[in-house]
Amino acid sequence: MRSTPRPDDRAASAFRFATELVAWVATPWALAPHSVPLAVLSVVVLIGLPTVFSTPGDKRNVIVVVPGAVTIVLVAVQLVAAVVAAWVAWHVVAAALVTVLAAVTVVLELPRWRWLAAR
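Residues numbered from 1 in each chain as written. Predicted model: local features only at pLDDT ≥ 70, side-chain atom pairs only at ≥ 80, totals over all residues. Heavy atoms only, no water.

**Student:** Let's hear about the nonpolar core: which residues, and what values?
**Tutor:** If you look at the biggest cluster of nonpolar residues, it comprises 20 residues, and the most contacted ones within it are V22, A23, L79, A82, V98, W113 and L116. Listing elements by their share of this core, those giving two or more residues are α1 (10–31), α3 (68–89) and α4 (92–117). Here this core takes eight residues from α3, the largest share from any one element. Sequence-distant contacts of L116, that is, excluding residues within four places in its chain, are made with T55, D58, G68, A69, T71 and I72. (Core = buried A, V, L, I, M, F, W, Y, C linked by side-chain atoms within 4.5 Å. Buried < 20%, exposed > 50% of the residue type's maximum accessible area, 1.4 Å probe, protein only. Helix = DSSP H or I, 4+ residues; strand = E, 2+ residues; numbered from the N terminus. Contact = heavy atoms within 4.5 Å.)

Right, dumping it as structure tokens:
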């Protein structure tokens, strides 16, 4: 059985990283007024899980091997966290821009997600 090569996702990677950065900032910002420990934990989870768990062939260094579906879920969690936290913590204009960023990211991620789902 031949392995399908990973799709070129340079543009998707840039948008995905931008959305991750928003999640890493907006989520603790939204949670801090309610619980500082929860805000800190959110950053540990949002950064730590995708660092530790990955699908072979998707990243160079794989610490814990997971199926492609898990990687897709981890990206989806980042996207949802960015959008929800932006709407909770920020002005409506900023939240709307984050929502557009996340939507574009989803569209650009689809080829990678198809590839990951097949792994």
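**Student:** Run through the packing of α3 against α4, naming residues and quoting values.
**Tutor:** Where α3 contacts α4, the two axes come as close as 9 Å, and the packing angle between them is 175 degrees. The orientation of α3 with respect to α4, classified from their angle, is roughly antiparallel. When grouped by side-chain class, the residues that make up the contact of α3 with α4 number 17 nonpolar, four polar and two charged. (Axes fitted to C-alpha atoms, helices over the stretch in contact; angles between N-to-C directions. Parallel < 35°, antiparallel > 145°, perpendicular 65-115°, else oblique. Nonpolar A, V, L, I, M, F, W, Y, C, P; charged D, E, K, R; others polar.)

**Student:** Now, about the layout of surface pockets: what can you tell me, with residues and values included?
**Tutor:** Approximately 280 Å³ is the volume attributed to the largest pocket. Surrounding the largest pocket, 20 residues form its lining, R16, E20, P50, K59 and R112 being those nearest its centre. Mapped onto the lining of the largest pocket, the elements with two or more residues apiece are α1, α2 (36–52), β1 (53–54) and α3. Each residue belonging to the lining of the largest pocket can be placed in one class, and the counts come to eight nonpolar, five polar and seven charged. (1 Å grid on protein atoms, 1.4 Å probe; cavity = no way out; pocket = protein on both sides within 12 Å on 5 of 7 lines; lining within 4 Å. Points joined across faces, edges and corners; volume = space filled by probe spheres on them.)

**Student:** So, α1: which residues are in play, and what are the values?
**Tutor:** The first and last C-alpha atoms of α1 sit 32 Å apart over 22 residues, in line with the 32 Å expected at 1.5 Å per residue. Taken together, the buried positions of α1 are A12, R16, T19, E20, V22, A23, A26, T27, P28 and A30. For α1, the elements touching its buried residues are α2, α3 and α4. (Expected span 1.5 Å × (residues − 1).)

**Student:** Could you give an account of the packing of α1 against α2, naming the residues involved and the relevant values?
**Tutor:** Look at α1 against α2: their axes get within 8 Å of each other, and the N-to-C directions meet at 160 degrees. In terms of orientation, α1 lies roughly antiparallel with respect to α2. Judged by the sense of rotation from one axis to the other, the crossing of α1 with α2 is right-handed. Contact residues: A23, W24, T27, P28 and L31 in α1; L38, A39, S42, V43, L46 and I47 in α2. Among the residues making up the contact of α1 with α2, the classes are represented as nine nonpolar, two polar and no charged. (Left-handed = near helix turned anticlockwise from the far one by under 90°.)

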